[in-house]
Amino acid sequence: MLRAPSYMLSRLHDGNPKIIILTPDSAQPDYELPLDQYVFQLVDDNHFILVPNEEDAHPTQDIHSFDLPPSNVWAFWAPVSIKDTSLDALKTWCVNTSGKEFDAPIVTGGRQALMELLLARSLREGRRLGTMNLDLMRDLAALRESWLNHVKIPAEIEELLTNLRLASPRLIFSNSDTPDRGSIPIGTSYESRISQPLPIGARGLLGFDLDIIDTGAGSGTLFAQVLARDTDAVLAKGHTAFNALCPGWLPFRLPSASAASSHSLELQVWAESESGAIAPKIAVTPAGLLSKFGFNSQASAGRRSEMQTQMLALKLWGGLPGVEMPGLERESVYKPLAGLEVPLPDSLVEMVRLTREMPASYPVFGYMERGKVLLRPLKAIPSAAVIRLPATRGLVEISCEAFIDDRRCETRHLGARVVVTSAGVDADAAERGEGVLAATDWVELNEPTIPSRLIARLPDARNEPVDLHLFTRLPEPGPVPPHGRVVFSRFVAEVHAASAWNAYPIVMGEP
Amino acid sequence: MKRIAADTRVAVIIPAYGQPWLTCETLHTALNQIADFNYSIVIVNDGCPTTETHDVCQTFASGFPEQVFYLSRSNGGLSSARNCGIEFALAAFSQLEAVYFLDCDNRIGPHLLQRLVDALRTSGPEIGWAYPDVTKFGFAEAADTSGPYSPLEHLFRNFCEAGSMASRRMLDAGIRFDTEMRQGVEDWEFWLQGMEKGFRGVHVADTGFSYRRRGESMLVAAERDFASIKRYIRHRHPQLYNPRNVLRLEADARSRYAVYHPDTDCVSCFTVANDIEELTLQEFIMRLLQAGQRPAYGSCPGQLIAMSRSLFNAFQANGQLQGVLWTLECALSRSTFVECSVRHRVATRPSIFWTKGIDAQKDGSPDETILAIECTELVRHALSGATDIRGGVTQGGKQHQYLRFHIECSGAAPDQVDQSRDSLQILCHGISEVAGSARRELWDGVALDRYRAQTALPRHVYPELFNLPSVLPSGAEPGRRYAALILNSTETGKLNAAEDLAKALDFEGHIVHLFLFAPACPEIAARSSFSQIITMPLPHLLSGVRSDTYQAGLISRLEPGHMNEAIGALATYDRVVSVDGGLSHSLMGSLRRLKVETWALLGCDTGKVTSAEINACSAFEQAYSAIILPDIETAHLCRAFGIPDARLRIWSNVINSAEEFITADIS
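Everything numeric in this text was worked out from a predicted model, so none of it was measured.

### Focus: the overall build of chain B
Part 1 of the reasoning: In terms of helices and strands, chain B carries 25 helices and 29 strands.
Part 2 of the reasoning: C-alpha atoms of chain B, sized along the principal axes, occupy 85 × 70 × 40 Å.
Part 3 of the reasoning: Here chain B holds 667 residues, and 60% of them are scored as buried.
Part 4 of the reasoning: Expressed as a percentage of contacts within chain B between residues at least 6 apart in sequence, the contacts between residues at least 24 apart total 74%.
Part 5 of the reasoning: Accessible surface, chain B: about 24700 Å² in total, of which carbon and sulfur atoms supply 50%.
Part 6 of the reasoning: Distance from the positive charge centre (62 side chains) to the negative charge centre (77 side chains) of chain B: 3 Å.

Below, the structure is given as structure tokens:
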């Protein structure tokens, strides 16, 4: 029905209001109209072809047949007489193909009639836009009102959230428990930055620690920022002077756990220094299985096999979005309850050792997968095992769960207990209370599979190695009850936030 | 400002129907792209009856007349609307490089177009489309579509969202959305069209594509009738969804078997034995452990077989390898762990005999041992610290924990001490060591999306597509046809007939394999007639053969499990010939449905056909494309049994060389 050179297609389907002028010949009419106009010449009974004006001239002339009418046509205007059958065919084609009511009238005759129609259409369009604007304003007002009233979070939910936010922030990723570590100098410009993909998303991120191996020398500043990779938006940025650095873990903290939703984050680290300064070095560690989490930097460019891929030595901290990191305010560093949860790594729990002989022809003790320890009570005296913990700065509490992992167990009052002692204290001494730093009472496990939490809180923060003794016992001396598989799991240390680092945290902000 | 349309490199095509206020959000994100090229947005109003949709589209088009183009059409469905946008973009934008499909309630990150275009620009000509990860919002969920593109995986799982970018070369190849598909999942069909034309996809990370997941979204509706949609898609793509093509893709991925050679400490990964990827044990274990963490379908075979290199080479040289591996695979589908002792004996010609497992203390130690286990089970065992895998827990869906067999085969015993007995320990030790050094526990503790992270197993593919447990990897040489001749026994006369037929088929250009439904294959004189000899011992060793009577004649059949395996064993051949009837008759109907040409040979050995043979064949005559007879007399007898003329052909009764091979219609 309508045909035009292909290069005109986009203009005929743009959002500008248009007049389509229908003529019986190819002459460009000399009309001054207040909106875009396109002249189509009737070339046979049912076909019109665009007559390009001089300024639209284009070297390619391939002609495209329209499947759909042009967009936002305010009127088809036939200033010179054109057969009614051709105009009717045009109208029918528009109705059939456009999928909506035909809203572009066909005007025949002089310019006056067209201008009247355009005026009416303009007024109508003005009214439509005014109505849309009014609706939009009222929608926004309703939305604001709903925030105040209708969708207000119930008080009990707010209270629940507040309580949840009292939970300690938690170590959610740590790759530092490997002897196979090295170090890398920090690039001294943003262009030579270290870019480290993070294995967690933004939601709940509260901060990270970098392990400073060498504090560098001279005058300069160390920068770190967290970037959302999908939007390239910087979520948080922090910096510190070289001379404020000290060897060990350097904490960077967001003011509160992030509520952002980006799945893919990147940590960027770089330095800026005066000439002659020596950049600090930070610890790196093998990425192992997932080389996609290796860092990129000029220093690592052109490297090496998959197994040799390195990532920064990192500790990532998280919590419920909105949770604040304790100890961020310097005056609050001595708050007694300012703790952070550090799950004991499975590799540490795996080193659990039996401390009393347990002869049996079936499994009674051992490390199970995913940080679980089986310790079955067997005899009149409690079964005992120990996990030796290395020195942990600011250790104030150790907790774990105990449960019976066999649903068939019908025995009640099986007991579990943990005792924290100085390193090297044996099980008998621990049971007698010698060298004990903290201990739980005996906790009776009455329902298989329902875990009980055992919490041993130390009176003071401790920085030396400790032993964690595990004990289980029967309800009473006698035959060994069947299925009494007592399992310890989810070992968590709590460290005192203000004592766990050599350095004050670097508070990161939005750039 | 008109410059944008003239130099548009990418068109974002947004079909609009309903949800006008969500469309505002979609358009907002589409307009916010940061790119070093010009892009345009083409909104296609698919005849939405609500005026708000038109108002929103028109308002954006008016607000951005240089960049947003608006097409209004009568309702034709999502596919049709996208096609309309494609045609418009191709006609209007002469510099177009790609189109991006964005549904009117989804959102995109500001760098999406740039990153997808960069991926297409830097890829080879075979890359037809670039697809993103998906963050589903509303009912939130994330879908990790990362990893190398696997055409094999794409046949049974759609991991390329509609929110992907199709290159100009795909569109120029005539690929469009199927307008008949109005129930959803049309995007999968679109990419499959690309795959059929030789294109492949490429994954692009960090695009910020967000898919709005609503309770009554189209996808949810599609899930309700997903089975029929998948049937439709498979029906539309018979070239993709046939066993031979799937096998070809599997052969390209080399993802069927990982054969560990304890004597060389290497692992051969392959589907067909003439295309092997050799890895060191450490490389293989690394790949195996990675397969459990990140999506890379097909990068690591899911079935591990421990077999010395010398035995592997001997089986390969004797044309027995495929049969041995297939038997182990079938046993592994029933059992967590399969152990097969091997004893060699001196013989001038290749032979192989399968029996049930021997008692080493009573019968003496075997020369070597073959072990088979699924890789994930091996990893689980290796990392659990348990010592004896034979006494472990039976894997879900399997009947046995431990199956034992024994092979007596031709060839000299290995010079060195048998190591394969310890191969499991070597593997477990290696896995444990690599898992430690590669810090598996560290990554295990990270919450990654692992739903596509798996080793490749036939059961991911073939049951879903063909209702078969697996298919035997007959071969994937381009342009070659494969034929299987089936024998139930190895009597000399029958073997001679099979060899004669093999020569004739070879003359026609077939690669010919011999199948023996028997636990043994004696020394075959002219083995060169068959490139592979495949014994099918399990039905006999596991009591899987039954008998039925048909018109007073006794007809053997396989139990359902063995039957499916037998069909799978033959499903990728172009032609299957029953040389001596028996068990093979009952397989032919299923094979014919899989578009395999099926022949029966009557009177193969003596030239005389008994009534019992014809009776048995007549019970299955509909399953055959052709029944080959020795003479006209037999043809008369066949007709008397009700076998139609159209299936009957005469084979000259003396075939001494390929040149003399002829077939002729009885008429």
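### Some points on the overall build of chain A
Part 1 of the reasoning: Looking only at helices and strands, chain A has six helices and 31 strands in total.
Part 2 of the reasoning: Against the globule reference of 24 Å for 511 residues, chain A gives a C-alpha radius of gyration of 37 Å, more extended than a compact globule.
Part 3 of the reasoning: For chain A, the C-alpha atoms occupy an extent of roughly 115 × 70 × 45 Å along the three principal directions.
Part 4 of the reasoning: Taken over 511 residues, chain A has a buried fraction of 48%.
Part 5 of the reasoning: For chain A, the exposed area adds up to about 24700 Å²; of that, 51% sits on carbon and sulfur atoms.

### Examining the domain arrangement of chain A
Part 1 of the reasoning: Domain boundaries assigned for chain A yield domain 1 (2–118), domain 2 (170–325) and domain 3 (346–496).
Part 2 of the reasoning: Distance between the C-alpha centres of domain 1 of chain A and domain 3 of chain A: 86 Å.

### Thoughts on the interface of chain B and chain A
Part 1 of the reasoning: Taken together, the 46 residues of chain B in the interface contact 49 residues of chain A.
Part 2 of the reasoning: Buried surface at the junction of chain B and chain A, summed over both partners, amounts to about 3900 Å²; 58% is from carbon and sulfur atoms.
Part 3 of the reasoning: If you sort the residues of chain B by the area they bury against chain A, Asp206, Arg439 and Trp443 of chain B come out on top, with a joint share of 17%.
Part 4 of the reasoning: For Arg115 of chain B, the salt bridge is made with Asp232 of chain A, and the minimal N-O distance between the two is 3.0 Å.
Part 5 of the reasoning: Mapped by element, the contributors of at least two residues to the side of chain B that touches chain A are α3 (51–63), β3 (68–73), α4 (78–92), α12 (281–291) and α18 (440–444) of chain B.
Part 6 of the reasoning: Here the side of chain B that touches chain A is composed, by residue class, of 21 nonpolar, 15 polar and ten charged.

### Details of the environment of Asp230 of chain A
Part 1 of the reasoning: The topology assignment puts Asp230 of chain A in the loop between β12 (220–228) and β13 (233–241).
Part 2 of the reasoning: Separated by 34 residues in sequence, Asp230 of chain A and Ser264 of chain A have C-alpha atoms that sit 6.8 Å apart.
Part 3 of the reasoning: In this structure Asp230 of chain A touches Ser262 and Ser264 of chain A together with Pro110, His111, Arg115, Asp206, Thr207 and Gly208 of chain B, once residues within four positions along its chain are discounted.
Part 4 of the reasoning: In terms of polar contacts, Asp230 of chain A uses its side chain to reach the side chain of Ser262 of chain A, at 3.2 Å.

### Describing the pattern of salt bridges
Part 1 of the reasoning: Overall, the coordinates contain 58 salt bridges over all chains when judged by the stated rule.
Part 2 of the reasoning: Between Arg73 of chain B and Asp46 of chain B there is a salt bridge whose closest N-O contact spans 2.8 Å. In this pair, Arg73 of chain B sits in strand β3 while Asp46 of chain B sits in strand β2 (residues 38–46), placing the two residues 27 residues apart along the sequence.
Part 3 of the reasoning: Residues participating in the shared-partner salt-bridge network are Arg121, Glu125 and Arg128 of chain A together with Asp55 of chain B.

### Some points on unusual backbone geometry
Part 1 of the reasoning: In this structure, Asn72 of chain A is a non-glycine residue whose phi angle is positive, near 50°.
Part 2 of the reasoning: Mapped onto the elements of the fold, Asn72 of chain A is located in the loop between β5 (63–65) and β6 (73–78).
Part 3 of the reasoning: A relative accessible area of 13% places Asn72 of chain A in the buried class.
Part 4 of the reasoning: Phi angles above zero are rare outside glycine, and Arg254 of chain B is one such case at about 50°.
Part 5 of the reasoning: Topologically, Arg254 of chain B is positioned in the loop between α11 (243–253) and β11 (257–261).

### A closer look at the sheet that holds β5 of chain A
Residue and element names in this part refer to chain A.
Part 1 of the reasoning: Taken in spatial order, the seven strands of this open sheet run β5-β1-β4-β3-β2-β6-β7, and their pairing is mixed. Every interior strand has two partners, whereas the edge strands, β5 and β7 (106–108), have only one. Averaged over all neighbouring strand pairs, the angle between strand axes comes to 30°, with direction disregarded.
Part 2 of the reasoning: As paired elements, strand β3 (residues 36–44) and strand β4 (residues 47–51) share five bridges and run antiparallel to each other.

### Topic: a nonpolar patch on the surface
Part 1 of the reasoning: Where nonpolar side chains cluster on the molecular surface, the patch consists of Ile153, Ile157, Leu160, Leu164 and Leu320 of chain A and spans about 390 Å² of accessible area.
Part 2 of the reasoning: Among the structural elements, Ile153 of chain A can be located in the loop between α3 (111–148) and α4 (155–165).

### Describing the packing of aromatic side chains
Here a ring pair, both rings aromatic, is described through the centre-centre distance and the interplanar angle of the planes.
Part 1 of the reasoning: The final tally for this structure, using the stated rule, is 26 aromatic pairs over all chains.
Part 2 of the reasoning: In this structure, Arg253 of chain A is placed above the aromatic ring of Trp501 of chain A, and the distance from its NZ or CZ to the ring centre is 4.9 Å.
Part 3 of the reasoning: Here the guanidinium or amino end of Arg575 of chain B rests over the ring plane of Trp599 of chain B, the centre of that ring lying 4.0 Å away.

### Overview of the packing of α12 of chain B against helix α17 (residues 423–437) of chain B
All names here are of chain B.
Part 1 of the reasoning: α17 packs onto α12 with a crossing angle of 65° between their chain directions and a minimal axis gap of 10 Å. Between α12 and α17, the angle falls in the class roughly perpendicular. In terms of crossing hand, the pair formed by α12 and α17 is right-handed. On α17, the residues that touch Leu281, Gln282, Ile285, Met286, Leu288 and Leu289 of α12 are Ile426, Leu427, Gly430, Ile431, Val434 and Ala435.

### A look at the pairing of strand β18 (residues 400–410) of chain B
All names here are of chain B.
Part 1 of the reasoning: Counting buried positions over the eleven residues of β18 gives eight, a clear majority of the element.
Part 2 of the reasoning: Inspection of the sheet shows strand β16 (residues 352–356) paired to β18 by five bridges, in the antiparallel sense. Each bridged residue has a counterpart across the sheet, and for Trp354 the counterpart in β18 is Ile407.

### Considerations on the packing of helix α8 (residues 186–196) of chain B against helix α10 (residues 226–236) of chain B
All names here are of chain B.
Part 1 of the reasoning: Contact pair α8 / α10: the axes reach a minimum separation of 11 Å and the direction vectors enclose 20°. As judged from the angle between their axes, α8 and α10 are roughly parallel. Here α8 and α10 pass one another in a crossing that is right-handed. Contacts between α8 and α10 pair Trp188, Glu189, Leu192 and Gln193 from the former with Phe226, Lys230, Ile233 and Arg236 from the latter.
Part 2 of the reasoning: Classifying every residue of the contact of α8 with α10 by side-chain character gives four nonpolar, one polar and three charged.

### A few points about the domain arrangement of chain B
Residue and element names in this part refer to chain B.
Part 1 of the reasoning: Taken domain by domain, chain B consists of domain 1 (3–236), domain 2 (254–460) and domain 3 (481–665).
Part 2 of the reasoning: The distance between the C-alpha centroids of domain 1 and domain 2 comes to 44 Å.
Part 3 of the reasoning: Taken together, the 13 residues of domain 1 in the interface contact ten residues of domain 2.
Part 4 of the reasoning: Overall, the association of domain 1 and domain 2 removes approximately 1000 Å² of surface from exposure, summing both partners, and the carbon and sulfur fraction of that is 45%.
Part 5 of the reasoning: Considering only the side of domain 1, the residues that lose the most area to domain 2 are Asp144, Phe156 and Arg157, jointly responsible for 45% of the buried surface there.
Part 6 of the reasoning: Across the domain 1-domain 2 interface, the total number found is two salt bridges.
Part 7 of the reasoning: With a closest N to O distance of 2.6 Å, Asp144 and Arg294 form a salt bridge.
Part 8 of the reasoning: Those elements that provide at least two residues to the side of domain 1 that touches domain 2 are β7 (141–143) and α6 (151–156).

### As for the sheet that holds β16 of chain B
Residues and elements named next belong to chain B.
Part 1 of the reasoning: Across the sheet, nine strands lie side by side as β13-β12-β11-β14-β17-β15-β18-β16-β21; this open sheet has mixed pairing. Looking at which strands have only one partner, the edges of the open sheet turn out to be β13 (277–280) and β21 (520–521).
Part 2 of the reasoning: When strand β15 (residues 335–345) meets β18, the two strands line up parallel, connected through ten bridges. Note on β18: the bridge partner recorded for Cys340 is Phe405.
Part 3 of the reasoning: Lying on the sheet, α12 is in contact with β11, β12 (266–270), β13 and β14 (303–306); it crosses β13 at an angle near 95°.
Part 4 of the reasoning: Relative to strand β17 (residues 368–374), helix α16 (residues 375–384) is tilted by about 95°, and along the sheet it contacts β14, β15 and β17.

### Digging into the environment of Ile43 of chain B
Residue and element names in this part refer to chain B.
Part 1 of the reasoning: As for its position among the elements, Ile43 is in strand β2.
Part 2 of the reasoning: Of the residues examined, Ile43 reaches a relative accessible area of 0% and is grouped as buried.
Part 3 of the reasoning: Once the C-alpha coordinates of Ile43 and Tyr70 are considered, the two residues, 27 residues apart in sequence, prove to be 4.9 Å apart.
Part 4 of the reasoning: Excluding its chain neighbours within four sequence positions, the residues that come into contact with Ile43 are Ile14, Ala16, Leu27, Cys57, Val68, Phe69, Tyr70 and Leu71.

### Observations concerning the side chain of Asp574 of chain B
All names here are of chain B.
Part 1 of the reasoning: Relative to the elements of secondary structure, Asp574 occurs in the loop between α22 (560–570) and β25 (575–578).
Part 2 of the reasoning: On the basis of relative accessibility, which here comes to 14%, the residue Asp574 falls in the buried class.
Part 3 of the reasoning: One polar contact links Asp574 to Arg244, side chain to side chain, over a distance of 3.5 Å.
Part 4 of the reasoning: Of the polar contacts made by the side chain of Asp574, one reaches the backbone nitrogen of Tyr482; its length is 2.7 Å.
Part 5 of the reasoning: Not counting residues up to four positions away in its chain, the partners in contact with Asp574 are Arg244, Arg480, Arg481, Tyr482, Val596 and Glu597.

Calculation notes
- Residues numbered from 1 in each chain as written.
- Chains lettered and ligands numbered in written order.
- Predicted model: local features only at pLDDT ≥ 70, side-chain atom pairs only at ≥ 80, totals over all residues.
- Heavy atoms only, no water.
- Helix = DSSP H or I, 4+ residues; strand = E, 2+ residues; numbered from the N terminus.
- Buried < 20%, exposed > 50% of the residue type's maximum accessible area, 1.4 Å probe, protein only.
- Contact = heavy atoms within 4.5 Å.
- Areas by Shrake-Rupley, 256 points an atom, 1.4 Å probe, with all protein chains shown as cover.
- Lys, Arg positive; Asp, Glu negative; His and termini not counted.
- Charge placed at Lys NZ, Arg CZ, Asp CG, Glu CD.
- Rg over C-alpha atoms; globule rule 2.2 N^0.38 Å.
- Domains from an automatic or database assignment.
- Buried area = accessible area lost by both parts, 1.4 Å probe.
- Salt bridge = Lys/Arg side-chain N within 4 Å of Asp/Glu carboxyl O.
- Nonpolar A, V, L, I, M, F, W, Y, C, P; charged D, E, K, R; others polar.
- Polar contact = N/O pair within 3.5 Å; in protein donor to acceptor, adjacent residues only side chain to side chain.
- Pairing = 2+ DSSP bridges.
- Axes fitted to C-alpha atoms, helices over the stretch in contact; angles between N-to-C directions.
- Patch = residues over 30% accessible without salt bridge, like charges linked within 9 Å, V, L, I, M, F, W, Y side chains within 5 Å.
- Phe/Tyr/Trp six-rings, centres within 6.5 Å; stacked < 30°, edge-to-face > 60°.
- Lys NZ or Arg CZ within 6 Å of the ring centre and 35° of its normal.
- Parallel < 35°, antiparallel > 145°, perpendicular 65-115°, else oblique.
- Left-handed = near helix turned anticlockwise from the far one by under 90°.

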